[in-house]
Amino acid sequence: MRFLTVPAKNHGVSVVLQSAYVGVGSDGVDADGRGHRPFGYASDEFEQELLEVSALIESTVVKHRDRLHGNSLVSLVKADGEAADLSCRLVGRATQSLDVVLASEAAYARPVIAAAAQLLEDRQGDVNVRFLCTAPMVDWQFVRKYATECQWIEVRIARIPLLAGVIVDSREALVCADSAVGRRASAIRASGVIKPLLTLFDGVWRNSVAVTDRIDFGDHARTETARRILEQLRAGATDEVSARELAMSVRTYRRYVAEIMSLVGATSRFQAGVRAAELGLFPAAARQGRS
Amino acid sequence: MMAEDEAAIGNAVGMLLDRARHSVSLALPGNVENAKAGVLALDRLGAAGREDLTVRLLSTASALAGAAMRDAEIRIPRLETRLTEGELQEVLIADGRLVLVRSNHGPADDCVLIIEDPAAARALDLLFAGVWSGAVRPAEHARLHGRLRSDLARRILERMRDGCTDDVAAREVQVSLRTYRRHVAEIMRELGAKSRFQAGVRAVELGLLSAGD
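In this text the structure is predicted, and so the values were computed from the model without any measurement.

Visitor: Before we go on, may I ask you to explain the overall build of chain A in this structure?
Guide: The secondary structure content of chain A amounts to 9 helices and 9 strands. The buried share among the 291 residues of chain A stands at 51%. Here the analysis covers contacts within chain A between residues at least 6 apart in sequence; of these, 62% occur between residues at least 24 apart. With an accessible surface of roughly 13600 Å², chain A has 51% of that area assigned to carbon and sulfur atoms.

Written as structure tokens, this is what we have:
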């Protein structure tokens, strides 16, 4: 029973196979050697085994060769413009599915959204598209057109930390994330990495609220009033307490609440709460398991 | 063959745990017996008793009954467990930087992947955090899946969502108005809501109304 790491060829991904152990010298001897065998130096015999196992990896793990990235399963990408460009190109190649995460910044989001719009027009919705965004990343025109009107895509709002990326056809991905060492981006085609990415994406998706449209309360003052009223409603305060908090009469408060209810299309307070949550009017509190 | 497989997995898990300095996050699928790497990690964490590590364990309700998780609760110092719906894949993450994943392309291809690529590892870590924040503690999960997901509770919630008045809804679920209101009050208590509006928000947040999907 042996144990293989293939660091050089597949950047940052070591495959530990059930049936091969080959010590490769790049990391040197492990610090304490405890619990596992120390890495040795490659020898002819080892190199031969390496080649054999490489072939095994190539045939079982690699599904497609991308001309852009040669044979690598995971490759580093410059985290600025190149990441966005590559993502757009990836998006354009989607034939079955596209899963997008936008929880980072507009400089990445804007071109990717544009590329997705183009894809949708080209394929007339014949692609399964999911957008997982944080509230500030939502492009309402895009949502209105493709989620609400055409119903070709679904957009859900989630609280995810700084992450952006696209997964195309459950096969290829580009991810861009901030870490302690700075922003990094990688193009990924290793199905062993894509699969957990998708599973976790599904996990977040399942707990996220779909948005279909944005509610416009009117001018800034009215929007601000609406926001404060929604805050009171969400806190479960009585009308009397809320009206006092907002320095208005109970009757005026109730009139505003009625207006909000009609704006979100609700005939009961419970229904209004449901609609407001579904419309993403409480982005800071989306889908939590605890009160 | 079995013993040797476990040696390889053991090496990989050992390496990951040795390198962890602050945190270990584990996602375990429901059929825990197959999650060799995860179970081994829990066992080693239990044995090591590391006070410096924050351990987050994400799994599904079906895994709760198993010995591995029960033992983990007792032995691992700073462990938090949360439950989520849906499929999970075996994933171990150390310090948000080093990831171990079990990969099953088939019985011949079962392998363990170590992912050190910064962007890929971070993406997995951040998505884990996303699932984690939507997951619930076991006690809350029991509550949600008990009283709030009973047939009657569901039917009542649906009518409330549709904006039905109380007396129409009571008639539809075939109880008296007073009984209906009592049920609603119970539901609101389970939701931790003081007003009907708040109950509506909570119901959506806890996924009691949507299809989930």
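Visitor: Sorry if this is basic, but what is going on with the domain arrangement of chain B here?
Guide: Accessible area lost on assembly of the parts is the figure often given for the size of an interface. Looking at chain B, the domain boundaries give domain 1 (2–135) and domain 2 (146–205). The centre of domain 1 of chain B, based on its C-alpha atoms, is set 38 Å off from the matching centre of domain 2 of chain B.

Visitor: Would you mind going over the packing of helix α9 (residues 269–278) of chain A against helix α9 (residues 196–205) of chain B with me for this structure?
Guide: The relative placement of two packed helices is expressed as an angle between their axes plus a distance between the axes. Following both chains from N to C, one finds α9 of chain A and α9 of chain B inclined at 40°, their axes separated by 6 Å at the closest point. In this view, α9 of chain A runs oblique relative to α9 of chain B, as classed from their interaxial angle. Like other packed secondary-structure pairs, α9 of chain A and α9 of chain B cross with a definite hand, here right-handed. Contact with α9 of chain A, carried on its side by Arg269, Phe270, Ala272, Gly273, Val274, Ala276, Ala277 and Glu278 of chain A, involves Arg196, Phe197, Ala199, Gly200, Val201, Ala203 and Val204 of chain B of α9 of chain B and no other residues of that element. In terms of residue class, the contact of α9 of chain A with α9 of chain B is built from 10 nonpolar, 2 polar and 3 charged.

Visitor: For this particular structure, what's the right way to read the packing of aromatic side chains?
Guide: Aromatic ring pairs: the centre-centre distance and the angle between the two ring planes describe each pair. In this structure the tally under the stated criterion is 5 aromatic pairs over all chains. Between phenylalanine 142 of chain A and tyrosine 146 of chain A, the aromatic rings sit 5.2 Å apart at their centres with planes inclined by 55°, giving tilted as the arrangement. Of the two residues, phenylalanine 142 of chain A and tyrosine 146 of chain A are both situated in helix α4 (residues 140–149); the distance of 4 residues between them amounts to about one turn of the helix. Assigned by exposure class, phenylalanine 142 of chain A and tyrosine 146 of chain A land together as buried. With centroids separated by 6.0 Å and ring planes inclined at 15°, the aromatic side chains of phenylalanine 128 of chain B and tryptophan 132 of chain B adopt a geometry described as stacked. Pair noted here: phenylalanine 128 of chain B and tryptophan 132 of chain B are both in helix α4 (residues 118–134), with a separation of 4 residues, about one helical turn. Take phenylalanine 128 of chain B and tryptophan 132 of chain B: they sit in the same class, and that class is buried.

Visitor: Please clarify how the sheet that holds strand β3 (residues 97–102) of chain A should be interpreted in this entry.
Guide: Hydrogen bonds between backbone groups are what pair the strands of a sheet, and the pairing can be parallel or antiparallel. All names here are of chain A. The strand order β2-β8-β7-β6-β3-β4-β5-β9 describes an open sheet built from 8 strands, whose pairing is mixed. With one partner strand each, in any of the chains shown, β2 (74–77) and β9 (209–210) form the two edges of the open sheet. Sheet topology note: the β2/strand β8 (residues 182–188) ladder contains 4 bridges and is antiparallel. Bridge pairing links valine 77 to alanine 185 in β8. Together, β4 (128–133) and β5 (153–157) form the strand contacts of α4, whose direction differs from that of β5 by roughly 130°.

Visitor: Looking at this structure, I do not really get the nonpolar core. What am I missing?
Guide: Buried together is how nonpolar side chains tend to be arranged in soluble globular proteins. Counting residues in hydrophobic clusters, the biggest one holds 46 residues, and the most contacted among them are Phe270 of chain A together with Tyr180, Leu191 and Phe197 of chain B. Contributing elements (two or more residues each) for this core: α6 (220–235), α8 (250–263) and α9 of chain A together with α6 (151–161), α7 (166–172), α8 (177–191) and α9 of chain B. In this view, phenylalanine 197 of chain B contacts Leu230, Leu233, Arg234, Arg269, Phe270, Ala272, Gly273, Ala276 and Phe282 of chain A; residues no more than four positions away in its chain are not counted.

Visitor: Got a minute to help me understand the domain arrangement of chain A in this structure?
Guide: Parsing chain A into structural domains produces domain 1 (1–61), domain 2 (67–210) and domain 3 (220–285). Averaged C-alpha coordinates put domain 2 of chain A and domain 3 of chain A at centres separated by 34 Å.

About the criteria used
Residues numbered from 1 in each chain as written. Chains lettered and ligands numbered in written order. Predicted model: local features only at pLDDT ≥ 70, side-chain atom pairs only at ≥ 80, totals over all residues. Heavy atoms only, no water. Helix = DSSP H or I, 4+ residues; strand = E, 2+ residues; numbered from the N terminus. Buried < 20%, exposed > 50% of the residue type's maximum accessible area, 1.4 Å probe, protein only. Contact = heavy atoms within 4.5 Å. Areas by Shrake-Rupley, 256 points an atom, 1.4 Å probe, with all protein chains shown as cover. Domains from an automatic or database assignment. Axes fitted to C-alpha atoms, helices over the stretch in contact; angles between N-to-C directions. Parallel < 35°, antiparallel > 145°, perpendicular 65-115°, else oblique. Left-handed = near helix turned anticlockwise from the far one by under 90°. Nonpolar A, V, L, I, M, F, W, Y, C, P; charged D, E, K, R; others polar. Phe/Tyr/Trp six-rings, centres within 6.5 Å; stacked < 30°, edge-to-face > 60°. Pairing = 2+ DSSP bridges. Core = buried A, V, L, I, M, F, W, Y, C linked by side-chain atoms within 4.5 Å.

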